[in-house]
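Listed below, chain by chain, are the residues.
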Amino acid sequence: MSEQMVIESDAEDLLSGLNEAQTRAVTIEKKPLAILAGPGSGKTRVLTRRIGWRALSGLEDPRRVLALTFTRKAAGELRLRLHKLGLRDQIAAGTFHSVAYSQLKNFWRDRNQQEPELLDRKVPVITQLLPRDNRSRDTFSVAAEIDWARARGIRPEIYVQEADSHGRIPPLPPTTIARIFQEYEEFKIERGLIDFDDLLEKCIQILGNNQRFKSAQEWRFRHFYVDEFQDVNPLQFTLLKAWLSNRPDL
């Protein structure tokens with residue numbers, strides 16, 4: 001049996017146990033492609049089988065695949081499933097933030113730039129910026145409101161009008177949220193810190209301004225997969241479009 005026949009046999013094995021709809025989702029050629037499926041219908045199973053089937057069929061180079069998800073736990077599950085298909089060491093899988101951070105680290109290292117310190121928990125900072133009588137109950141909801149604004153490119157100085165235009169009902173008066181938001185941004189700048197949203201914003205900015213960096217990412221990643229795509233926020237979607245660079249392979 002030739003090597004090509006062995007590869008084809010391995011690829012067909014990945015269709016075993018799938019129902020008709022799942023098999024079609026794994027093998028359909030259209031791109032970009034959205035798979036609509038409800039809870040418990042095997043979405044992650046289909047996603048990993050599609051990646052594996054296309055790689056083993058020779059339709060995609062697994063070294064050029066990027067599989068994206070939203071939490072470290074989900075990324076770990078994705079990598080585990082790909083490992084069981086024999087593909088984990090070839091395919092890049094991670095969260096939007098972890099992939100952006102990895103690319104930025106390479107960018108900074110290549111230019112001998114000092115890497116900013118990552119602020120991985122904003123809640124303790126925001127707690128100190130809250131009015132004292134709100135610290136016990138409003139910290140997480142205020143942090144979530146700032147996350148909502150950052151995901152839409154809304155800066156502190158326009159937060160009040162944007163919150164009103166979007167019908168937001170923030171946990172504190174909008175002017176107070178704007179003040180906390182502004183002081184949080186100033187806190188990071190003064191200490192040379194970046195947070196997770198900064199990672200996405202900086203990666204988007206560099207992709208837009210540095211052709212060498214952009215070309216390197218386009219060469220590295222050519223086939224994109226997103227698990228639970230309905231959870232993509234506007235900032236993540238902007239980064240995804242920058243990575244895709246008008247290519248339809250999603």
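Residues numbered from 1 in each chain as written. Predicted model: local features only at pLDDT ≥ 70, side-chain atom pairs only at ≥ 80, totals over all residues. Heavy atoms only, no water.

**As for helix 11 (residues 211-220)**
Where helix 11 is concerned, the buried positions are Phe213, Lys214 and Gln217. On an axial view of helix 11, the arc spanned by its buried residues comes to 100 degrees, and they lie on one face. Exposed residues on helix 11 whose side chains face more than 90 degrees from its buried face are Gln211, Arg212 and Trp219. Residues of helix 11 that are buried make contact with helix 5 (96-110), helix 10 (196-209) and helix 12 (234-244). Where helix 11 starts, the residue carrying a side-chain oxygen 3.2 Å from the main-chain nitrogen of Arg212 turns out to be Asn210. (Buried < 20%, exposed > 50% of the residue type's maximum accessible area, 1.4 Å probe, protein only. Helix = DSSP H or I, 4+ residues; strand = E, 2+ residues; numbered from the N terminus. Arc of directions from axis to C-beta. Contact = heavy atoms within 4.5 Å. Polar contact = N/O pair within 3.5 Å; in protein donor to acceptor, adjacent residues only side chain to side chain.)

**Here we look at the packing of helix 5 against helix 12**
Relative orientation of the contacting elements helix 5 and helix 12 amounts to 50 degrees, with a least axis distance of 11 Å. Overall, the two elements helix 5 and helix 12 adopt an arrangement that is oblique. Remark: the crossing between helix 5 and helix 12 carries left-handed chirality. Residues Phe96, His97, Val99, Ala100 and Gln103 of helix 5 pack against Gln236, Leu239, Leu240 and Trp243 of helix 12. (Axes fitted to C-alpha atoms, helices over the stretch in contact; angles between N-to-C directions. Parallel < 35°, antiparallel > 145°, perpendicular 65-115°, else oblique. Left-handed = near helix turned anticlockwise from the far one by under 90°.)

**As for unusual backbone geometry**
In this chain, Lys31 is followed by Pro32 through a cis amide linkage whose omega measures -5 degrees. In this fold, Pro32 is placed in the loop between helix 2 (20-27) and helix 3 (43-56). In the Ramachandran plot, Glu228 falls in the positive-phi region, its phi being about 55 degrees despite a non-glycine side chain. As for its position among the elements, Glu228 is in the loop between strand 5 (223-226) and helix 12. A positive phi angle, close to 70 degrees, is found at Asn246, a residue other than glycine. Residue position: Asn246 is located in the segment after helix 12.

**A look at the nonpolar core**
Generally speaking, a soluble globular protein has its nonpolar side chains buried in company with each other. The biggest cluster of nonpolar side chains holds 28 residues, and the ones touching the most others in it are Leu66, Leu68, Phe96, Leu239 and Trp243. Within the residue set of this core, elements represented by two or more residues are strand 1 (65-69), helix 5, helix 10, strand 5 and helix 12. Not counting the four nearest positions on each side in its chain, Leu239 is found in contact with Phe96, Ala100, Leu200, Cys203, Ile204 and Leu207. Core analysis: the next-biggest nonpolar cluster, separate from the first, contains 20 residues, Ala143, Ile146, Trp148 and Ile180 among them. (Core = buried A, V, L, I, M, F, W, Y, C linked by side-chain atoms within 4.5 Å.)

**Digging into the pairing of strand 1**
On a regular strand, each side chain points to the face opposite its neighbour's, so the side chains alternate between the two faces of the sheet. The buried fraction of strand 1 is high, at 5 of 5 residues. Of the strand pairs in this sheet, strand 1 and strand 5 are connected by 4 bridges, and their pairing is parallel. Looking at strand 5, one finds that Val65 is bridged to His223. Judged from the 4 bridges that link them, strand 1 and strand 2 (residues 92-95) form a sheet pairing that is parallel. Paired with Thr69 across the two strands is Thr95, which belongs to strand 2. (Pairing = 2+ DSSP bridges.)

**Quick look at the pattern of salt bridges**
Under the counting rule described, the total for this entry stands at 20 salt bridges. Its salt-bridge partner being Lys31, residue Asp249 comes within 2.7 Å of it at the nearest N-O pair. Within this pair, whereas Asp249 is found in the segment after helix 12, its partner Lys31 is found in the loop between helix 2 and helix 3, the two being separated by 218 residues in sequence. We classify Asp249 as buried; its relative accessible area is 13%. (Salt bridge = Lys/Arg side-chain N within 4 Å of Asp/Glu carboxyl O.)

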